[in-house]
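Single-letter residue listing:
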Amino acid sequence: MWWVSGLDCHLILDGHARLTAAIAESVEPPLLHLHRTLRRDDLAARIDEAVDSYEYELARFAELRALHGHTVPDGAATAGPRFARVLRDLHTAKQPNWAWPLPGGKAQWHRTTREVTAGQDWPRI
């Protein structure tokens, strides 16, 4: 299955018959879920931002500890889980799919669909 952000749904790329059979038999089918992730350069930049934010937060807590004593936590318990969540999300979060308009617009779409369906017993567009 491929996540298509513009449709806000999954599309089945392969295994339509197996999926239909599994549903008919009330069996959970094995699925492979594909989605677009961040480009490497974007990922590296966002990781750097996350590290900077984490280090800033630890430094802020260190200043508070210096001012108010050891009753103030060191910040790792607060900033650490957030930092881990941000890093996980950067590697796994869905990104919008890219799409470009078909050159020739609607008229080209109709020509292409007529060519593809020519000789087929499919509804005509």
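For the structure itself, consult the block above.
Cut-offs used in this document
Residues numbered from 1 in each chain as written. Predicted model: local features only at pLDDT ≥ 70, side-chain atom pairs only at ≥ 80, totals over all residues. Heavy atoms only, no water. Helix = DSSP H or I, 4+ residues; strand = E, 2+ residues; numbered from the N terminus. Rg over C-alpha atoms; globule rule 2.2 N^0.38 Å. Patch = residues over 30% accessible without salt bridge, like charges linked within 9 Å, V, L, I, M, F, W, Y side chains within 5 Å. Areas by Shrake-Rupley, 256 points an atom, 1.4 Å probe, with all protein chains shown as cover. Salt bridge = Lys/Arg side-chain N within 4 Å of Asp/Glu carboxyl O. Buried < 20%, exposed > 50% of the residue type's maximum accessible area, 1.4 Å probe, protein only. Expected span 1.5 Å × (residues − 1). Arc of directions from axis to C-beta. Contact = heavy atoms within 4.5 Å. Phe/Tyr/Trp six-rings, centres within 6.5 Å; stacked < 30°, edge-to-face > 60°.

**A closer look at the overall build of the protein chain**
Okay, so step 1: Helix and strand counts for the protein chain stand at four helices and two strands.
Okay, so step 2: Along the chain direction, N to C, the helices and strands of the protein chain fall in the order β-β-α-α-α-α.
Okay, so step 3: Against the 2.2 N^0.38 benchmark of 14 Å for 125 residues, the protein chain shows a C-alpha radius of gyration of 25 Å, more extended than a compact globule.
Okay, so step 4: Projected onto its principal axes, the C-alpha coordinates of the protein chain cover approximately 80 × 45 × 20 Å.

**Quick look at a nonpolar patch on the surface**
Okay, so step 1: Taken together, the side chains of Leu 7, Leu 11, Leu 13, Leu 32 and Leu 34 define a hydrophobic patch exposed on the protein surface, amounting to about 480 Å² of accessible area.
Okay, so step 2: Looking at where Leu 7 falls in the secondary structure, it is placed in the loop between strand E1 (2-4) and strand E2 (9-11).
Okay, so step 3: Leu 7 gets classed as exposed once you look at its relative accessible area, which sits at 53%.

**Things to note about the environment of Ala 17**
Okay, so step 1: Considering the arrangement of structural elements, one finds Ala 17 in helix H1 (residues 16-24).
Okay, so step 2: Measuring from C-alpha to C-alpha, the distance between Ala 17 and Thr 78 comes to 49 Å, with 61 residues separating the pair along the chain.

**Thoughts on helix H3 (residues 76-92)**
Okay, so step 1: With 17 residues, H3 extends 23 Å between its outermost C-alpha atoms, agreeing within 8% with the 24 Å of an ideal straight helix rising 1.5 Å per residue.
Okay, so step 2: Buried within H3 are the following residues: Ala 79, Gly 80, Phe 83 and Leu 90. Seen along its axis, H3 keeps its buried residues to an arc of 105°; they face one direction.
Okay, so step 3: Those residues of H3 that are buried lie in contact with helix H2 (40-68).

**A short note on the packing of aromatic side chains**
Okay, so step 1: By the definition in use, this model includes one aromatic pair.
Okay, so step 2: Here Tyr 54 and Phe 83 contribute two aromatic rings whose centre-to-centre distance is 4.5 Å and whose plane-to-plane angle is 15°, an arrangement assigned as stacked. Of the two residues, Tyr 54 is situated in helix H2 and Phe 83 in helix H3; the sequence distance between them amounts to 29 residues.
Okay, so step 3: A residue is classified by how much of its surface remains accessible, and Phe 83, at 19% relative accessible area, is buried.

**Remarks on helix H4 (residues 105-117)**
Okay, so step 1: Here H4 spans 19 Å end to end across 13 residues, near enough to the 18 Å set by a 1.5 Å rise per residue.
Okay, so step 2: Among the residues trailing H4, Gly 119 stands out with phi positive, at a value near 80°.

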